[in-house]
Amino acid sequence: KCLCNIYLINKHLVTNCADHGIIYGLTKRLSLHHMIKLPHDVLFYDLRLLFLLTACDPHVRVLLRDKHDGLNVMNSVIDCTLFGPHVPVPPSSSPPVVSTSTSPSISQIHVDSHVVNDSCSNSIKHVCEVPMRLDVVTLSQPLNDDSMNVLCEVLKIYFNQTVHWKDEQQLNETELHSIKQLGHLLRILLLSLPAQHSSLSLKTISHVAEVLVTVSTGMAKCLLLSHESVVTTTISEMYPHLYPKSSVSGEVPEGGVSSGVGVVYTLDLDREFDGFNMAPIVALLNLLYIRLCGDQSGHVLPPVLTALRGLSRGHRSIRRFLRAEILPTLGKVTQRPEEGDSLKSKLIRLMTISGNHGAEEVVAELLFVLCKENASRLIKYTGYGNAAGLLMTHGLLAGGVSEVDSVYSSDEDSDTDEYTESQAKIDPMTGGLAEEGPSPLDNMTEEEKEKEAAELHFLIQRLNQQGIFKMVPVDEDQKPIQFPKNDRTSDDDDEN
């Protein structure tokens, strides 16, 4: 704990930690966790110190990941935290000497030299050979607070190692194997720890979403379950107060369901789609809904939104499932897209709320991906006004499809009879029904219309010159061009 404080206060010391063998020593001991379950305080502060070092210095991240097999070491710690030690100590060897004190210090722990030399030699290098228990769907008992605190630190270290990493297409077989192992472990965690259980469980699942941001495409398949897997029954037995039988059904009520410390999307995790059980994706939707209904301050929304976007681009079935849940087929339109308590309405409202740490941009990108990056389809579900910012960014103000590497299927967006009947009455700018009544231009003469247009032009020019907003021209591809700073017309100067 003292070392953590020292490095936290004196960040310039981090650059020297590799020369003193600190990274090697920490990973060496953490790699033994699958053999001898380290006391919680030792394990926790080892992880906390490693997190601080990787957070302060990008070179330490590379050193941990590439030289000390950091990804597999973290996978091993997660596996041992979820299931306990995996590899027993050989009977012929002297058992590791571990203090039984409730609060052991680092100096109170040591491993007999014979054990290190014989059974733990090169443990960092060969930790990936420890088999992971990946055939498990959910845990058999709830996680305690100590385990969740450990998992939070591990996930933060994993994020530090993979953020700004190379493209997933460039990963070698060993790195892909580590990512897939993590995907299986995160799937178990998502299905065994309800985000609404406590503030600590909410924090833990939020860190899962942050890791998914960096490696979502590579582990999309690992998160999915076969449709035979049944999750809700298992998890409801562990947390009966969160999953009352009367509240678990196949329907998703608008406005969510109160459960635990928040309002979740649904209590029915078992949602079969395209032959898969989408329970892990539903667990992420529950996390998103809790965030949408609760305190949205800080960077709480962008991670889970970005994770869902990455998973949607990485797996067709996930994208189609999220599209069905977030943007269901339109029926009779009675209100604007942002009105109501549905998940879609809550997300569309975010698209025009600035100052929320970029959440408005991320949610627009998510909905854009769910619409196969088709401008017309996005406008249909959100209205042109809500989607204008994203369309300008992608150069699609006049419509069209984004130029993307991923290939979407060519199936059409079918409309219901109710939507077809009301389509003529829908205002494309708002996405809701057009207000009935006479047009204010009907009783105006041509001279009055020209006067109003000139006044509107003058007001727009003034707002642009005062910096309240910035006008930009567009090129032939409808992409914005940088507006010259000193571009002022003589007419504007005369009017001012």
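Quick look at the structure, then. (Residues numbered from 1 in each chain as written. Predicted model: local features only at pLDDT ≥ 70, side-chain atom pairs only at ≥ 80, totals over all residues. Heavy atoms only, no water.)

## Some points on the overall build of the protein chain
- A tally of regular secondary structure across the protein chain gives 21 helices and seven strands.
- Within the span of the protein chain, comprising 496 residues, buried residues form 47% of the whole.
- Long-range pairs, those at least 24 residues apart, make up 74% of the contacts in the protein chain with a sequence separation of at least 6.
- Carbon and sulfur atoms make up 51% of the accessible area of the protein chain, which amounts to about 24700 Å² in all. (Helix = DSSP H or I, 4+ residues; strand = E, 2+ residues; numbered from the N terminus. Buried < 20%, exposed > 50% of the residue type's maximum accessible area, 1.4 Å probe, protein only. Contact = heavy atoms within 4.5 Å. Areas by Shrake-Rupley, 256 points an atom, 1.4 Å probe, with all protein chains shown as cover.)

## Side note on the side chain of Glu-365
- Along the chain, the position of Glu-365 falls in helix α16 (residues 359–370).
- There is a polar contact of 2.9 Å between the side chain of Glu-365 and the side chain of His-394.
- In this structure Glu-365 touches Arg-309, Leu-390 and His-394, once residues within four positions along its chain are discounted. (Polar contact = N/O pair within 3.5 Å; in protein donor to acceptor, adjacent residues only side chain to side chain.)

## Description of the nonpolar core
- Counting residues in each nonpolar core, the largest one holds 121 residues, and the members touching the most others are Leu-288 and Ile-326.
- The contacts of Leu-288, once residues within four sequence positions are left out, are Leu-301, Val-304, Leu-305, Leu-308, Leu-343 and Leu-347. (Core = buried A, V, L, I, M, F, W, Y, C linked by side-chain atoms within 4.5 Å.)

## Considerations on unusual backbone geometry
- Positive phi, normally seen in glycine, also occurs at Asp-274, with a value near 55 degrees.
- The phi dihedral of Glu-373 falls on the positive side, at around 55 degrees, and the residue is not glycine.
- For Glu-373, the location among the structural elements is in the loop between α16 and α17 (375–382).
- Among the residues examined, Glu-373 registers a relative accessible area of 3% and is labelled buried.

## Examining a negative patch on the surface
- On the surface, Glu-447, Glu-448, Glu-450, Glu-452 and Glu-455 cluster together into a patch of negative charge.
- If you trace the backbone, Glu-452 turns up in helix α20 (residues 446–465). (Patch = residues over 30% accessible without salt bridge, like charges linked within 9 Å, V, L, I, M, F, W, Y side chains within 5 Å. Salt bridge = Lys/Arg side-chain N within 4 Å of Asp/Glu carboxyl O. Lys, Arg positive; Asp, Glu negative; His and termini not counted. Charge placed at Lys NZ, Arg CZ, Asp CG, Glu CD.)

## Observations regarding the packing of helix α12 (residues 279–293) against helix α14 (residues 316–326)
- One can describe the packing of α12 onto α14 by two numbers: an axis separation of 11 Å at closest approach and a directional angle of 45 degrees. In terms of their interaxial angle, α12 and α14 are classed as oblique. Regarding α12 and α14, the two cross each other, and that crossing is right-handed. For the pair α12 and α14, contact is made by Ile-281, Val-282 and Leu-285 and by Ile-318, Phe-321, Leu-322, Glu-325 and Ile-326, respectively. (Axes fitted to C-alpha atoms, helices over the stretch in contact; angles between N-to-C directions. Parallel < 35°, antiparallel > 145°, perpendicular 65-115°, else oblique. Left-handed = near helix turned anticlockwise from the far one by under 90°.)

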